[in-house]
Amino acid sequence: YMNTYFTTQLEEVFVHPGSVNFDRRSFGREQWIVYNKKQFTKRLYMHDTTVITPLMLSLAVNDFVYDYSTSLLSLDSWICFYAKPEVFTLVQLLRKELNRILAVMIEDPSSAALGRDKEVIINALASLFKKERP
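Residues numbered from 1 in each chain as written. Predicted model: local features only at pLDDT ≥ 70, side-chain atom pairs only at ≥ 80, totals over all residues. Heavy atoms only, no water.

Right, let's get into the sheet that holds strand 1 (residues 5-6). Working definition: the strands of a sheet are paired by backbone hydrogen bonds and lie parallel or antiparallel to each other. The sheet built from four strands is open, its strands ordered 1-2-5-4 with mixed pairing. Two strands close off the open sheet at either side, each with one partner strand: strand 1 and strand 4 (37-40). In the sheet, strand 4 pairs with strand 5 (residues 44-47) via four bridges, with the strands oriented antiparallel. Its bridge partner lying in strand 5, Phe40 is registered against Leu44. (Pairing = 2+ DSSP bridges. Helix = DSSP H or I, 4+ residues; strand = E, 2+ residues; numbered from the N terminus.)

Quick look at the side chain of Thr49 now. Here Thr49 shows up in the loop between strand 5 and strand 6 (50-52). Within the structure, Thr49 has its side chain in polar contact with the side chain of Ser19 (distance 2.6 Å). Aside from chain neighbours lying at most four places away, what touches Thr49 is Val15, Ser19, Asn21, Ile33, Val34 and Tyr35. (Polar contact = N/O pair within 3.5 Å; in protein donor to acceptor, adjacent residues only side chain to side chain. Contact = heavy atoms within 4.5 Å.)

What follows concerns the pairing of strand 7 (residues 64-67). Across the two faces of strand 7 the burial differs, with Phe64 and Tyr66 buried and Val65 and Asp67 not buried at all. Summarising the sheet, strand 7 and strand 8 (residues 72-75) pair through four bridges and their orientation is antiparallel. From the neighbouring strand, Asp67 faces strand 8, where its bridge partner is Leu72. Counted between consecutive antiparallel strands, the loop separating strand 7 from strand 8 contains four residues, among which Ser71 sits at a positive phi close to 60°. (Buried < 20%, exposed > 50% of the residue type's maximum accessible area, 1.4 Å probe, protein only.)

The subject of this paragraph is unusual backbone geometry. With a phi angle near 65°, Leu10 is a residue other than glycine that sits in the positive phi range. Mapped onto the elements of the fold, Leu10 is located in the loop between strand 1 and strand 2 (12-15). Residue Leu10 is classed as exposed on the basis of its relative accessible area of 68%. One non-glycine residue with positive phi stands out, namely Ser71, at about 60°. With respect to the element layout, Ser71 can be found in the loop between strand 7 and strand 8.

Looking now at the pairing of strand 5. Residues of strand 5 alternate between two faces, with Leu44 and Met46 on one and Tyr45 and His47 on the opposite face, all of them buried. Judged from the two bridges that link them, strand 2 and strand 5 form a sheet pairing that is parallel. Bridge pairing in strand 5 links Phe14 to Tyr45. Hairpin geometry of strand 4 and strand 5 is characterised by an intervening segment of three residues between the two adjacent antiparallel strands.

We now examine the pattern of salt bridges. Per the counting criterion, the structure on display carries two salt bridges. The salt bridge partner of Lys38 is Glu11, with a shortest N-O separation of 2.4 Å. On the criterion of sequence distance, the pair formed by Lys38 in strand 4 and Glu11 in the loop between strand 1 and strand 2 is long-range, its members being 27 residues apart. Classification of Lys38 as partly exposed rests on a relative accessible area of 31%. On the basis of relative accessibility, which here comes to 28%, the residue Glu11 falls in the partly exposed class. Residue Glu97 pairs with Arg100 through a salt bridge whose shortest N-O separation is 2.6 Å. You can see Glu97 and its partner Arg100 sitting in helix 2 (residues 85-107), three residues apart, about one turn around the helix. Judged by relative accessible area, Arg100 falls into the partly exposed class, the value being 34%. (Salt bridge = Lys/Arg side-chain N within 4 Å of Asp/Glu carboxyl O.)

Without other data, these values stay purely geometric and don't point to any function.
Structure below.
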């Protein structure tokens with residue numbers, strides 16, 4: 001028995017038998033599976049898979065909108081989940097800081113200022129993901 005998944009283009013895909021996630025039968029409603037590449041042999045397989053949560057996903061999308069009246073966080077206008085306002089604020093600040101750090105790294109990869117920034121980011125990520133636990 002293999003679980004069936006679908007890409008954003010609605011392609012039916014399967015976890016490759018060599019993947020660490022192959023034997024997992026369920027990822028839960030609040031988890032997503034991402035992959036590095038797809039390859040067709042007998043079926044369309046996902047390679048290099050990783051299970052992530054919606055908040056982890058929120059760090060990688062382009063469009064990021066929060067509706068305070070419904071507490072819904074919308075990612076790229078199609079992935080929606082409930083989040084508390086303080087979680088949205090934390091993700092928003094974290095995304096802003098990550099973008100700033102990436103800009104510094106692109107301009108000067110050896111920047112000494114990044115040492116302190118790394119600690120701030122790690123603490124913010126830990127705080128964010130603790131809020132995501134059931």
